[in-house]
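# Results of the structural survey
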Amino acid sequence: VLGCTIIPPCLLPQWPSLLPSPEPPEQQVDREMVKMTKSKTFQAYLPSCHRTYSCIHCRAHLANHDELISKSFQGSQGRAYLFNSVVNVGCGPAEERVLLTGLHAVADIYCENCKTTLGWKYEHAFESSQKYKEGKFIIELAHMIKDNGWE
């Protein structure tokens, strides 16, 4: 993607340490203290040049439209979308659940900013026809809004 830095979700907790820092260490500490006092500090901001999905409760960015795989999923609160990757999301412990498409090991995902449960991550699919879901994320429409560049 031209002009955009994509940070894989597995690296989000470490991403600030992966970037070179031109500031001396004492200024970095001050910057971190300022960050903690702001009301909204997200782990990742998606580029404003792309259509994105955000948390409906706090507007934290959740996913880039390019990461959308399917709009044909059902969550516990209605329609849901399947994404290849997401940002600003925490993951709970995995547990086995019988879903509409069979037995899966899933972990609830929540917004890192406001802690609202958004959907789940497919950790393991027990049926071979469902293996494509492994490592993918479901976010329910009830918890997200469209941001940036939608008409």
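Residues numbered from 1 in each chain as written. Predicted model: local features only at pLDDT ≥ 70, side-chain atom pairs only at ≥ 80, totals over all residues. Heavy atoms only, no water.

Going by the annotation in an unreviewed UniProt entry, the name recorded for the protein chain is Protein yippee-like, with Paramormyrops kingsleyae given as the source organism.

### Considerations on the environment of Asn84
Convention followed: Labels follow the DSSP assignment, with helices taken as runs of H or I lasting at least four residues and strands as runs of E lasting at least two, numbered in each case from the N terminus. The buried label applies to any residue whose accessible area, calculated with a 1.4 Å probe on protein chains only, is under 20% of its type's maximum; exposed applies above 50%, and partly exposed to all values in between. Two residues qualify as a contact provided that any one of their heavy atoms is within 4.5 Å of a heavy atom in the partner residue.
For Asn84, the location among the structural elements is in the loop between strand 4 (78-83) and strand 5 (89-99). Of the residues examined, Asn84 reaches a relative accessible area of 37% and is grouped as partly exposed. Put simply, Asn84 and Lys133 are 49 residues apart on the chain and 8.8 Å apart in space, counted from C-alpha to C-alpha. If we ignore the near neighbours within four places in the chain, the residues touching Asn84 are Glu67, Ile69, Gly135, Lys136 and Phe137.

### Overview of the sheet that holds strand 4
Operational definition: Strands are treated as partners if at least two bridges between them are detected by DSSP. For helices, the fitted line uses only the C-alpha atoms of the stretch in contact; every axis is such a line through C-alpha atoms, and the angle between N-to-C directions lies from 0 to 180 degrees.
Spatially, the six strands line up as an open sheet ordered 3-4-8-7-6-5, and their pairing is antiparallel. Looking at the sheet topology across the chains shown, the edges are occupied by strand 3 (68-75) and strand 5. Averaged over all adjacent pairs, the angle separating strand axes in this sheet is 30 degrees, with direction ignored. Sheet analysis places strand 6 (residues 102-111) next to strand 7 (residues 117-125), joined by seven bridges and oriented antiparallel. When the bridges of strand 7 are listed, Tyr110 appears paired with Thr117.

### Re the nonpolar core
Rule in force here: Each nonpolar core is a collection of buried residues, namely Ala, Val, Leu, Ile, Met, Phe, Trp, Tyr and Cys, held together in the definition by side-chain atoms within 4.5 Å.
Judged by nonpolar contacts, the single largest core of 17 residues is most densely connected at Cys55, Leu62, Phe83, Val86, Leu118, Ile139 and Met144. Going through the elements one at a time, strand 1 (52-55), strand 2 (61-64), strand 4, strand 6 and strand 8 (137-140) are the ones with two or more residues in this core. Every residue in contact with Met144, bar those within four places of it in the chain, is listed here: Tyr53, Ser54, Ile56, Leu62, Tyr81, Phe83 and Ile139. Counting residues in each nonpolar core, the second largest holds seven residues, with Phe73, Ala80, Leu82 and Tyr122 among its members.

### Here's the deal with the side chain of Asp147
To keep things clear, this is the line we draw: Pairs of N or O atoms within 3.5 Å make up the polar contacts considered here, provided that, within protein, one atom can donate a hydrogen while the other can accept it, and that residues adjacent in sequence are counted only when both atoms are side-chain atoms.
Note that Asp147 resides in strand 9 (residues 144-147). A distance of 2.5 Å separates the side chain of Asp147 from the side chain of Arg59, its partner in a polar contact. Leave out the neighbours within four places in its chain, and Asp147 touches His50, Arg51, Thr52, Ser54 and Arg59.

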